[in-house]
Amino acid sequence: MRLFQLGLLALLLYLQYLLWFGHNGIEDYSRLTKAVANHEQTNQQLNKRNKLLEADIQDLKLDLEGVEERARHELGMIKPDEVFYRVLPSKQSESK
C-alpha cells in the first residue's frame, strides 16, 4: 500500500511539473497570451491606417479637387498662367 501511495505522489508531482513548466504548460500559455495581445494591438493600429488610406483613395477617385490639392501641396505644382507666392517666416519668428 505504501508503494502505491508513493507511486501516486510521484505521478502527481510529474503532472504538476508538466502543467507548470512543460510544453504547452502555464508558462507557454502566459507567453502566448501576451504575444496575442501585442499582435491584436498592432492589428488595430494597422486597420486604422488602412481605413485612412482607403478614405484617401476614395477621395482621390471621386474628387478632382482632392487630386489638385494634393498636387499643389505635395508636389508644388501650379496651373498654367498662375503665379505662386511663398511667404517665408521672418527671422525673428524662427528664433522664438
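The structure under discussion appears in the preceding block.
Notes on the structure in this doc start here. Here the structure is a predicted model, which means the values were calculated and not measured.

Quick notes on the rules
- Residues numbered from 1 in each chain as written.
- Predicted model: local features only at pLDDT ≥ 70, side-chain atom pairs only at ≥ 80, totals over all residues.
- Heavy atoms only, no water.
- Salt bridge = Lys/Arg side-chain N within 4 Å of Asp/Glu carboxyl O.
- Helix = DSSP H or I, 4+ residues; strand = E, 2+ residues; numbered from the N terminus.
- Buried < 20%, exposed > 50% of the residue type's maximum accessible area, 1.4 Å probe, protein only.
- Polar contact = N/O pair within 3.5 Å; in protein donor to acceptor, adjacent residues only side chain to side chain.
- Contact = heavy atoms within 4.5 Å.

Side note on the pattern of salt bridges
Stage number 1. Taken as a whole and assessed by the stated rule, the structure comprises six salt bridges.
Stage number 2. Notably, a salt bridge pairs Glu68 with Lys79, separated by 3.3 Å at the nearest N-O pair. One end of the pair, Glu68, is in helix H3 (residues 64–75); the other, Lys79, is in the loop between H3 and helix H4 (91–95), with 11 residues separating them in the sequence.
Stage number 3. The exposure class assigned to Glu68 is partly exposed, which follows from its relative accessible area of 32%.
Stage number 4. The exposure class of Lys79 is partly exposed, given its relative accessible area of 43%.

Structural notes on the side chain of Asp28
Stage number 1. Turning to its location among the elements, Asp28 is positioned in helix H2 (residues 26–62).
Stage number 2. Looking at Asp28, its side chain comes within polar contact range of the main-chain nitrogen of Asn24, at 3.0 Å.
Stage number 3. Asp28 has contacts with Gly22 and His23, leaving out every residue within four places of it along the chain.

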